[in-house]
Every structure is written in structure tokens, then in C-alpha cells.
Amino acid sequence: MTTPGEVPAGDPAFSDVTVRVGGTWVAHQDVYVAGGIVSGITDTTASPDTGPPAVLIPGFVNTHTHLQQSLMRGIAECTPLLEWLLAIGEQSVAITPQRAYLAAVAACLESLRSGTTTVVEHMWPHPSDEVHGAVIQALRDTGIRALLGRGVADRGDATRKWGFEPRLMQPLDEVLDHIDHLRAQVDGSTISIALAVPNPRSLTEPGMTTLREFAQERDLSVSIHLLETPTDDVMCREHAGVCAVDYLDRGGFLWDRVLAVHCVELDEYGQAMLADRGVAISHNPLSNMRLGSGVAPVPAMLDRGLAVGLGVDGAASNDTQDMLETLRIGAYLQRAVHRRADLMDNGTMLDIACGGANVALGLPESIGGLAVGAPADLTLLRFDRDYATLPVRDPGASLLTTGSPRLVDTVMVDGEIVVADGHSTRIDEAEFTKELIAATAG
């Protein structure tokens, strides 16, 4: 908060709201924003509201999604992961810049309207600069903050068992040149570029060395699917003679800017290795449930000191981009598996969802709630928008147990309001819906 008695210049961006500061909920606060930064948090100067609290939290950071999959909902539903991947691969091969743009806008709007201010987009490798440009344009148009992972793989295999879809691949040097081109394209914006690796099976050991050197020279984050199912371990043992974690470590591909996605099959040895190397985790509970992958050992990861963030995953394996739903299921799933109702409380879940993996992503840490000096990426929720949330006895508990996009009133990114009264301030939603339906009809 600001110094007692000190009130920042200008009017508050948010007046008489309940905020979480230092892990504690504080009612009747005014929040000031200047230059895209939270510049002050003070006791309100307005007449305190006696109705249900308006709650202001740091925006959610969705640590893993595939934006293009918003046009792939329902494909290969109720099929094993590898079969599902092959079906999604066919759709990815056929993607056009227009469809990529529409898919990304739709996914970003859905994300924003569920309180997400940052998405970590894990693009599959793709040779088209136009497709990448369309996704970047969608991110710009919606105003969301994004870490755009450019897909990278250097081992081809049409079966997807020991490599990636060859039709979507390029020589590694061309991919790295393209990443530098993308970095220049987004410089100075709320979009950053990262590397996105499909899985350990899609990289050779020389490829790992090349990618690590490239990423570290440019201070880039790397996202990689890891141990979503036993396939990574089975294939790495068959072809490389070691488990998946050791395969990556042998290639020098575990360091503190790596985000390992899923980790459902990560055992105690793997957890210790990733913790020692400073690797962060993206937990995607709904996707793991939908595809029958299992349940990631999140409480054990947290006990080991691993940084854990929350991910929604693509709409072809989750069906929505609703972070509030994922927040709730992320808690409930662990409680059911461990048979403990006192596990994964609202404070823990909010810290995971608002910034648990931020350091690995090159983003400011966001633990404990709002902080002066933090980016003004904020979500305002109003419980009176949905009677199903009332009464509110504890704002954190109510947010976890009853929260839905219906509560999201205002979303601010980098100090700019991009959602007001639950709707985009940048996209004509009615016209976009017509365009989306027309482009995907039939």
C-alpha cells in the first residue's frame, strides 16, 4: 500500500473495492493506476458500499493454451491422447491465416471475460509467417497480454510417437530466424515471444543444445509438454535409454526459464530434478480430466518448492477458456484424490492462478494479491451480477466456490480497460460473432 495518509494524484481507477494484499482481504479500498502500474492502494474516500463487495484481484495468468483450438471444439472427443493428437494435427495442417485470426480473437475474448489478463500461447510448429502474423494481430486487437510461444521441433515422425508432424516442420535455423523476426515485430507491445516445444520426443539432443543457447542469449522462456501421459517415458527409454526427465537433463534442457506443462506422470525423482533445476510447472486439471490423462501431484510439487501455475489448455481438450472454472476444478480435483477437504484453499489457488509460474515466464511475480508497483493487469468482479454467489461471507471462498464469468465486470491490461460491463471495449462482439459463424459454417 502507499504510505499512511498519502493519496496518489488523480482519481482512483477503482473506488471502494475489496482487495487481497499480502494474502489478506481488505475492504473499502481505492486503487490508483498510473503509467500501466498500480500506483497506490488507500482507504476509500467514497461513501462505503454496504452491498456485496466488488472484488479487485490481479488478472489470471493462463500458463498454457492453444488459441487455434477454439475452432476445434469437440474433435476426437472420447479418444486416447495420441489418436486425439493426430486428429488435431490434421486441423493444424489445414489452418489458414483467417481461421487462425478468428480462433485467436475468440479464445482471447473468452479468456478476458473470465478474468484472464495474460495468456501463454503454445503454438504448434507451423511454417507460415502469415498464420503467426494473424495470431499476433488477434492479440493486439483484443488487448490481452501474451507470451506467444513459437513452435519448435527438430525430429519428424508422422505417428507422433518419436517426433512431431513433419508437414508442420522447418529446418531449425529457419525457425530461429523466424523467432527473431517475431521478436522485432512485437517489440514494445504487451506481447512477448517464447519457444514452444511439443514434448521431449520432438527434440534431438543437438537440437536441445541449440535451443537452450538461443533462448538464454535472448532471455526467452521455453514451454514444453512433459509427461502428460506415460508416452514420454516409454519412448525416451526405448529410443534414448533414459526416462524423459533424464533425457531433457542430459541435453541441458532443464533450467529456470523452462515451463513444464502437465507433468501428470512426474514421479518423486522427476519432481526433485525439476525443483533442483528451477523448472516451473503448468497445471492443466480440466484438460487432464477430459483426455483421461490423470491427476498431476500438485500438493507434492508445492511441498518441494516447485513453482506451479494454472493452465486452461486449448479448447479442443478443455472446450472453454474459463479460468474461473479451472480455478475451482484445480482445487476440487486434488481434494477428491487426496480425500482432504482442507487442501488447496482459495489463497493457494489464487496465487497459483495469478502468478505461480510468473518468474519462469519472465513476468513480475504476483503472490499475495495486489501490490503497488505491479503491472496494472487487474480484474474487477461483482458478486451482485449473479445471485448464485450470494451471500458473500468470505470473498476468497466465494470466488473459488461460486465464481464464473458472469461475475467479471471490468478487466484492465497494462492500465487500459479492455473489458467493461462484461464486454470487450475493443472488439464489436456482435459483428465478430456473425463473422465467426459465417467462416465456420458447414
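A quick note: this is a predicted structure, and the numbers were derived from the prediction, not measured. (Residues numbered from 1 in each chain as written. Predicted model: local features only at pLDDT ≥ 70, side-chain atom pairs only at ≥ 80, totals over all residues. Heavy atoms only, no water.)

Draft legend 1. Fine view of the sheet that holds strand S10 (residues 258-262). Ordered in space as S5-S6-S7-S8-S9-S10-S11-S12, the eight strands form an open sheet in which the pairing is parallel. Here the strands that pair on one side only, and so sit at the sheet edges, are strand S5 (60-65) and strand S12 (308-310). Strand after strand, the sheet turns through a mean of 25° between neighbouring axes, direction not considered. (Pairing = 2+ DSSP bridges. Helix = DSSP H or I, 4+ residues; strand = E, 2+ residues; numbered from the N terminus. Axes fitted to C-alpha atoms, helices over the stretch in contact; angles between N-to-C directions.)

Draft legend 2. Seen up close, the pattern of salt bridges. The tally for this structure, following the rule as stated, stands at 24 salt bridges. With a shortest N-O distance of 3.1 Å, Arg113 and Glu429 are connected by a salt bridge. With Arg113 in the loop between helix H2 (97-112) and strand S6 (116-122) and Glu429 in helix H14 (residues 429-440), the pair connects residues that are 316 residues apart, well separated along the chain. With relative accessibility at 32%, the residue Arg113 sits in the partly exposed group. (Salt bridge = Lys/Arg side-chain N within 4 Å of Asp/Glu carboxyl O. Buried < 20%, exposed > 50% of the residue type's maximum accessible area, 1.4 Å probe, protein only.)

Draft legend 3. Representation of the UniProt feature "domain: Amidohydrolase-related" (unreviewed entry) in the protein chain. UniProt feature "domain: Amidohydrolase-related" (unreviewed entry): in the numbering of this structure it lies at residues 55-418. When the span residues 55-418 is considered, its composition is 40% helix and 17% strand, and the gap between its end C-alpha atoms is 17 Å. (UniProt positions renumbered as here; feature names shortened; annotations may be inferred.)

Draft legend 4. Region of the structure containing the sheet that holds strand S15 (residues 416-420). Taken together, the eight strands give an open sheet; going across it, the order is S3-S2-S1-S4-S13-S14-S15-S16, and neighbouring strands pair in mixed fashion. The open sheet is flanked by strand S3 (37-43) and strand S16 (423-424), the only strands paired with a single partner. Relative to strand S1 (residues 14-21), helix H12 (residues 346-355) is tilted by about 105°, and along the sheet it contacts S1, strand S2 (24-34) and strand S4 (54-58). (Contact = heavy atoms within 4.5 Å.)

Draft legend 5. Fine view of the pairing of S6. Among the seven residues of S6, seven are classified as buried, and the element is accordingly described as predominantly covered. Looking at chain direction, S5 and S6 are connected through four bridges and run parallel. If you follow Val61 over to S6, its bridge partner there is Thr118. With five bridges connecting them, S6 and strand S7 (residues 145-151) associate as parallel partners. Opposite His122, over in S7, you have Gly149 as the bridge partner. Remark: the S6/helix H3 (residues 129-142)/S7 crossover connection has right-handed handedness. (Right-handed = clockwise from strand over helix to strand, strands pointing away.)

Draft legend 6. Structural context of the packing of aromatic side chains. This structure, assessed with the given rule, holds three aromatic pairs. Residues Trp124 and Phe164 carry aromatic rings whose centres are separated by 5.6 Å and whose planes lie at 80° to one another, so their mutual orientation is edge-to-face. Here Trp124, found in the loop between S6 and H3, pairs with Phe164, found in the loop between S7 and helix H4 (172-186); they are 40 residues apart in sequence, far enough to count as distant. Judged by its relative accessible area of 0%, Phe164 is buried. Centroid distance Trp162 to Tyr247: 5.9 Å. Interplanar angle 50°. Geometry classified as tilted. Residue Trp162 is located in the loop between S7 and H4, and its partner Tyr247 is located in helix H7 (residues 244-250); the two are separated by 85 residues in the primary sequence. Relative accessible area serves as the criterion here: at 14%, Trp162 is assigned to the buried category. Taking the relative accessible area as the measure of exposure, Tyr247 reaches 2% and is therefore buried. One Lys or Arg, Arg160, reaches over the ring of Trp124 and ends 4.8 Å from the middle of that ring. (Phe/Tyr/Trp six-rings, centres within 6.5 Å; stacked < 30°, edge-to-face > 60°. Lys NZ or Arg CZ within 6 Å of the ring centre and 35° of its normal.)

Draft legend 7. Here's a closer look at the environment of Met273. Turning to its location among the elements, Met273 is positioned in helix H8 (residues 268-277). Taking the C-alpha atoms as reference points, Met273 and Asp246, separated by 27 residues in sequence, lie 8.6 Å from one another. Look past the residues within four positions of Met273 in its chain and what remains in contact with it is Val245, Asp246, Asp249 and Leu254.

Draft legend 8. How the structure looks around H4. Between its first and last C-alpha, H4 extends 21 Å over 15 residues, near the 21 Å set by a 1.5 Å rise per residue. Considered for burial, the residues of H4 that qualify are Leu172, Val175, Leu176, His178, Ile179, Leu182 and Val186. Projection of H4 onto a plane perpendicular to its axis shows the buried side chains occupying an angular sector of 160°, all on one side. Exposed side chains of H4 directed beyond 90 degrees from the buried face belong to Asp173, Asp177 and Ala184. If you follow the buried residues of H4, they end up packed against H3, S7, strand S8 (191-197) and helix H5 (205-218). Remark: Gly188 follows H4 within two positions and exhibits a positive phi of approximately 85°. (Expected span 1.5 Å × (residues − 1). Arc of directions from axis to C-beta.)

Draft legend 9. Quick peek at the pairing of S1. For S1, a buried count of seven out of eight residues is recorded, marking the element as mostly surrounded by other parts of the structure. With five bridges connecting them, S1 and S2 associate as antiparallel partners. Residue pairing in the sheet places Phe14 in a bridge with Val31 of S2. Between the antiparallel neighbours S1 and S2 lie two residues, among them Gly22 with a positive phi of about 60°. Two strands pair when backbone bridges link them, and S1 and S4 are joined in this way by two bridges, in the parallel orientation. Across the sheet, the residue bridging to Thr18 is Val55, located in S4.

Draft legend 10. Representation of the packing of helix H11 (residues 323-338) against helix H13 (residues 395-402) within the structure. Running from N to C, H11 and H13 cross one another at 90°; their axes reach a closest spacing of 7 Å. If you check the angle between H11 and H13, you find them roughly perpendicular. Taking contact as the criterion, the partners of Leu324, Leu327, Arg328, Ala331, Tyr332 and Arg335 in H11 are, on H13, Leu399, Leu400, Thr401 and Thr402. For the contact of H11 with H13, the per-class residue count stands at six nonpolar, two polar and two charged. (Parallel < 35°, antiparallel > 145°, perpendicular 65-115°, else oblique. Nonpolar A, V, L, I, M, F, W, Y, C, P; charged D, E, K, R; others polar.)

Draft legend 11. Broad picture of the nonpolar core. In terms of nonpolar packing, the biggest core is built from 101 residues, with Phe253 and Leu274 touching the most fellow members. No other element matches the ten residues that H2 contributes to this core. When near neighbours in sequence (up to four residues on either side) are disregarded, Leu274 contacts Leu226, Val245, Leu254, Ala260, Cys263, Leu266, Val279, Ile281 and Leu306. If you look at the next biggest cluster of nonpolar residues, it comprises 14 residues, including Val19, Ile41, Leu370 and Met412. (Core = buried A, V, L, I, M, F, W, Y, C linked by side-chain atoms within 4.5 Å.)

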